[in-house]
Amino acid sequence: MEALQISCTVVTCKSSPTTTAFKPRSTTSLKKSNIFGITNSSSGILLSLKTSITDREIRFRCYQDGISISDAEEIDAKDKDGIFMTYKKKTDPGVSKIGEVIAESVADVGEAIEEVVKPKAAGETYSIVVVSSEAVPYSKTGGLGDVCGSLPIALAARGHRVMVVSPRYVNGSASDKIYKGALDAQCRIKIPCFEAEHEVAFFHEYRAGVDWVFADHPSYHRPGNPYGDQFGAYGDNQFRFTLLSHAACEAPLVLPLGGFTYGEKCMFLVNDWHASLVPVLLASKYRPYGVYKDARSILAIHNLAHQGVEPAATYKNFGLPAEWHGALEWVFPTWARTHALDTGEAVNIMKGAIVTADRILTVSKGYAWEITTVEGGYGLDGLISSRESVLDGITNGIDIDEWNPSSDVHIPFHYSIDDLSGKQECKAALQKELGLPVRPDVPLIGFIGRLDYQKGIDMIEAAMPELMMDDVQFIMLGSGNARMEDWMKATEAAYKDKYRGWVGFNVPISHRITAGADILLMPSRFEPCGLNQLYAMRYGTIPVVHCTGGLRDTVENFDPFANEGSGKGTGWTFSPLAKDPMLGVLRIAMDTYRKHKDSWKGLMKRGMEQDFTWDKAAAQYEQVFKWAFMDPPYVK
């Protein structure tokens with residue numbers, strides 16, 4: 001690769017306004033690039049350059065003080081001498097300086113700028129590898145995708161180097177365009193598993209300060225969601241996610257992202273059973289040979305109900321040493337076996353991570369406690385309890401740019417904590433859109449979620465006849481159980497002036513329900529974290545929730561007599577999960593809405609004041625990373 005000299009914009013802190021010139025490792029074959037524009041404007045600093053490097057996959061990284069890595073815009077043009085690249089990021093022009101960086105390659109330029117102006121976290125920075133079966137905006141079936149699409153960006157903004165490894169799901173439809181920015185990294189690896197060698201390719205996109213890496217294999221190229229289609233779960237999911245774990249372990253070693261690899265001292269953050277082979281692989285296939293001896297792994301449990309359990313005979317498929325069978329060995333209790341001759345022997349991928357990861361996290365403190373109980377542990381409660389000293393819970397954050405009532409593109413009227421008038425206008429617009437009587441005096445209850453047993457949808461079904469006897473309106477958005485979808489349609493036909501059921505999932509409608517409803521109902525049987533209650537509070541919609549998991553952690557029960565009568569709390573919780581307790585709390589909420597306007601307004605404002613940002617969650621993750629590196633690897 002030809003050498004390169006680039007003049008670039010370097011943003012420095014006000015306290016240290018000087019710039020730094022970097023010299024190359026050798027002075028041979030230096031060639032200047034042609035600078036054709038460095039401009040300060042109100043919108044930020046615009047750097048345009050022409051390089052002699054023609055590889056379009058190169059991502060020149062320009063860091064700025066106090067913000068994450070800037071994103072490259074589209075390449076404007078290309079001529080015989082090279083390519084034009086434009087970088088634009090909003091910053092404070094009062095603290096900007098022009099500096100000169102001299103280096104042998106684009107990689108050296110990136111390293112040099114990173115050392116000077118990359119924003120730093122409060123403490124030590126880490127090379128973090130997030131492994132997940134889904135990540136927004138590329139793939140999503142639930143909260144896991146939201147977390148793994150947002151948390152990495154928040155960590156990168158705090159100064160860490162972050163890679164996300166996820167499958168490249170393509171099916172030949174228009175949805176494949178989401179991967180258009182991910183370019184073939186021209187790196188192929190052979191993975192020995194399932195009694196053969198399987199070739200996996202890597203695709204890479206650098207966006208929002210994060211390296212998004214996609215493992216590519218034909219098993220990820222099919223219709224349906226990441227786990228199945230209309231006929232159920234894919235029969236080869238064990239194979240597909242075994243490939244993901246192997247690929248995630250190789251990516252930091254073989255991919256020169258930004259010109260240099262992540263190396264061996266990584267923090268692997270593995271999510272749910274789909275990525276749970278990673279800690280086992282680190283312990284069994286790498287550390288015995290001196291590789292990843294300084295790496296650490298953290299298992300993040302989003303839903304313990306899914307553990308990746310398969311017949312014991314499939315252990316040989318994982319590509320693990322035979323002597324490590326005990327780490328994944330699993331025996332079903334007698335009552336759970338299919339017949340009298342069934343020995344109950346199996347392998348449990350989630351269990352493998354629990355016994356080999358350095359630390360364990362869940363997505364709320366309440367859920368961290370619940371998984372140590374018989375009711376919430378799904379057979380792993382005893383094992384998790386044995387590692388309780390390294391178990392923590394961190395509540396998920398939310399995207400406060402996407403979910404912002406003062407700027408939400410999906411809602412017809414905007415409002416804020418200082419001016420709530422738009423809230424009633426959103427309610428009237430929602431009632432009109434769905435054909436309900438436009439009545440500001442009637443409490444409007446919303447439900448958004450999957451129609452399944454976990455979400456307590458049967459509780460809503462049981463309570464609906466009594467609830468519809470009251471002066472109330474109810475809107476439901478969701479899909480899932482076919483019988484419940486039919487019930488929603490029948491209920492709408494029976495209560496045309498009070499009930500609307502939207503079968504399916506629609507992002508704009510979910511925003512409009514969140515903004516237009518007065519109350520959001522979440523009667524979940526278990527909820528590791530929950531996001532809808534966080535969205536609701538941000539929009540001044542009062543949550544009524546079952547007292548479980550993350551719902552218990554995030555919704556404070558309303559007390560009208562606290563603080564010398566000014567009240568406290570952000571919603572209502574009920575327990576146990578049954579029709580009558582749920583109806584009782586809903587009636588209290590509706591009565592408060594009708595008769596105690598000042599108390600209701602206080603509830604709205606206290607909810608909107610809550611801090612559920614990803615930056616707050618990222619700071620807590622940093623503390624867990626620090627604890628993980630304080631001790632030697634749990635399995636050496």
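Located above this text is the structure these notes cover.
Anyway, here's the lowdown on the structure attached to this text. Predicted model only: the values in this text are computed from it and were never measured.

Reading the values: rules and limits
Residues numbered from 1 in each chain as written. Predicted model: local features only at pLDDT ≥ 70, side-chain atom pairs only at ≥ 80, totals over all residues. Heavy atoms only, no water. Pairing = 2+ DSSP bridges. Helix = DSSP H or I, 4+ residues; strand = E, 2+ residues; numbered from the N terminus. Axes fitted to C-alpha atoms, helices over the stretch in contact; angles between N-to-C directions. Contact = heavy atoms within 4.5 Å. Phe/Tyr/Trp six-rings, centres within 6.5 Å; stacked < 30°, edge-to-face > 60°. Buried < 20%, exposed > 50% of the residue type's maximum accessible area, 1.4 Å probe, protein only. Lys NZ or Arg CZ within 6 Å of the ring centre and 35° of its normal. Salt bridge = Lys/Arg side-chain N within 4 Å of Asp/Glu carboxyl O.

1. What about the sheet that holds strand S16 (residues 309–311)?
Thinking step 1. Read from one edge of the open sheet, three strands run S16-S18-S17, paired in antiparallel fashion. The open sheet has two edge strands with one neighbour each: S16 and strand S17 (329–331). For this sheet, the mean inter-axis angle between neighbouring strands, taken without regard to orientation, is 45°.
Thinking step 2. Across three bridges, S16 lies against strand S18 (residues 345–348) in antiparallel orientation. Along S18, the bridge assignment pairs Pro311 with Ala346.
Thinking step 3. Seen against the sheet, helix H6 (residues 349–356) touches S17 and S18 and runs at an angle of roughly 60° to S18.

2. A few points about the packing of aromatic side chains
Thinking step 1. Tallied over the full model, the rule gives 23 aromatic pairs.
Thinking step 2. Here Trp403 and Tyr539 contribute two aromatic rings whose centre-to-centre distance is 5.9 Å and whose plane-to-plane angle is 80°, an arrangement assigned as edge-to-face. With Trp403 in the loop between strand S20 (391–393) and helix H10 (421–434) and Tyr539 in the loop between helix H14 (532–538) and strand S25 (542–546), this pair connects stretches of sequence that are 136 residues apart. Neither residue differs from the other here; Trp403 and Tyr539 are each classed as buried.
Thinking step 3. Taken together, the aromatic side chains of Tyr126, Tyr621, Phe625 and Phe629 make up a single cluster linked through ring pairs.
Thinking step 4. If you follow Arg222 out to its NZ or CZ, it ends over the ring of Tyr234, 4.7 Å from the centre.
Thinking step 5. Over the face of the ring belonging to Tyr634 we find Arg387, whose NZ or CZ atom lies 3.6 Å from the ring centre.

3. Quick notes on the pattern of salt bridges
Thinking step 1. Under the defined criterion, the tally for this structure stands at 22 salt bridges.
Thinking step 2. Taking the shortest distance from any N to any O, the salt bridge between Glu370 and Arg552 comes out at 3.6 Å. Residue Glu370 is located in helix H7 (residues 365–370), and its partner Arg552 is located in helix H15 (residues 549–554); the two are separated by 182 residues in the primary sequence.
Thinking step 3. With a relative accessible area of 32%, Arg552 lands in the partly exposed category.
Thinking step 4. Close ionic contact of Glu461 with Arg483 constitutes a salt bridge, the shortest N to O distance being 3.0 Å. Taken together, the residues Glu461 in helix H11 (residues 457–467) and Arg483 in helix H12 (residues 482–494) connect sequence positions 22 residues apart.
Thinking step 5. Residues participating in the shared-partner salt-bridge network are Arg158, Asp615 and Glu622.

Remember that the coordinates give geometry; whether it matters functionally is a separate question.
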